[in-house]
Amino acid sequence: MARRHLETLGIKDIQLVGRILGDKQLLNELFKFMYRLKTDKIKADKNPGGLLLTVLGLKKAKMS
């Protein structure tokens with residue numbers, strides 16, 4: 001199920017997928033993120049995969 005969520009978000013990098021699936025805390029955060037995204041508690045206007053990586057601390061947010 002977690003792998004399917006990552007594919008849905010467009011996260012296909014083998015290293016990122018392995019890191020998220022291999023870390024229990026990151027995995028729990030993935031499920032929390034997907035729940036909040038599907039229930040509209042958070043909004044991802046352009047790139048939900050990028051937002052997830054930012055929330056997990058695996059990518060820095062771009063400043064506009």
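Everything here concerns the structure above.
This structure is a prediction, so every number in the text was calculated from the model and none was measured.

A. A look at the overall build of the protein chain. Assigned secondary structure in the protein chain consists of four helices and zero strands. Going from the N terminus to the C terminus, the protein chain shows its helices and strands as α-α-α-α. Against the 2.2 N^0.38 benchmark of 11 Å for 64 residues, the protein chain shows a C-alpha radius of gyration of 11 Å, consistent with a compact globule. In the protein chain, which comprises 64 residues, the proportion classed as buried is 27%. Taking contacts inside the protein chain between residues at least 6 apart in sequence as the whole, the part at least 24 apart equals 48%. Element-wise, carbon and sulfur atoms account for 51% of the exposed surface of the protein chain, whose accessible area totals about 4,900 Å². With 14 positive and 6 negative side-chain charges, the protein chain shows a separation of 1 Å between the mean positions of the two kinds.

B. Region of the structure containing the pattern of salt bridges. For the structure shown, the criterion picks out one salt bridge. One salt bridge in this structure joins E29 and K32, with 3.5 Å as the shortest N-O distance. Linking E29 with K32, this pair stays in helix α3 (residues 24-38), spanning three residues, or about one helical turn. For E29, a relative accessible area of 24% puts it in the partly exposed group.

C. Structural view of the packing of helix α1 (residues 2-9) against helix α2 (residues 14-22). Two elements in contact, α1 and α2, have axes separated by 11 Å at closest approach and are oriented at 140 degrees. In this view, α1 runs oblique relative to α2, as classed from their interaxial angle. Seen along the crossing, α1 lies across α2 with a hand that is right-handed. Contact residues: A2, R3 and L6 in α1; V17, I20 and L21 in α2. By residue class, the composition of the contact of α1 with α2 is five nonpolar, no polar and one charged.

Definitions and cut-offs
- Every chain's residues receive numbers from 1 upward, in the order its sequence appears when written.
- Owing to the predicted nature of the model, reporting of local features is limited to residues with pLDDT of at least 70; listing and counting of side-chain atom pairs is limited to 80 or more, with chain, interface and lining totals taken over all residues.
- Neither water nor hydrogens contribute to the side-chain values; these are computed over all heavy atoms in the structure.
- The numbering of helices and of strands both runs from the N terminus, where a helix is a DSSP run of H or I of at least 4 residues and a strand a run of E of at least 2.
- Each radius of gyration is computed over the set of C-alpha atoms, and the globule rule expresses the reference value as 2.2 Å times the number of residues to the power 0.38.
- Relative accessibility decides the category of a residue: with a 1.4 Å probe and only protein chains considered, values under 20% of the type maximum give buried, values over 50% give exposed, and everything between is partly exposed.
- Note on contacts: a residue pair is in contact if any heavy atoms of the two residues lie within 4.5 Å.
- In this description, accessible areas are obtained by the Shrake-Rupley approach with a 1.4 Å probe, and a residue is regarded as covered only by the protein chains that are shown.
- This count recognises Lys and Arg as positive and Asp and Glu as negative, with His and chain-terminal groups excluded.
- Where a charge lies is defined by one atom per residue type: Lys uses NZ, Arg uses CZ, Asp uses CG and Glu uses CD.
- Salt bridge, as used here: a side-chain nitrogen of Lys or Arg that lies within 4 Å of a carboxyl oxygen of Asp or Glu.
- Note on definitions: angles span 0 to 180 degrees between N-to-C directions of axes, and those axes are lines fitted to C-alpha atoms, for helices only across the stretch in contact.
- Roughly parallel means an angle under 35 degrees; roughly antiparallel, over 145; roughly perpendicular, 65 to 115; everything else is oblique.
- Note: crossing handedness is left-handed where the near helix turns anticlockwise from the far helix by less than a right angle, and right-handed where it turns clockwise.
- Polarity classes work like this: nonpolar for Ala, Val, Leu, Ile, Met, Phe, Trp, Tyr, Cys and Pro, charged for Asp, Glu, Lys and Arg, and polar for all others, with Gly in that last group.

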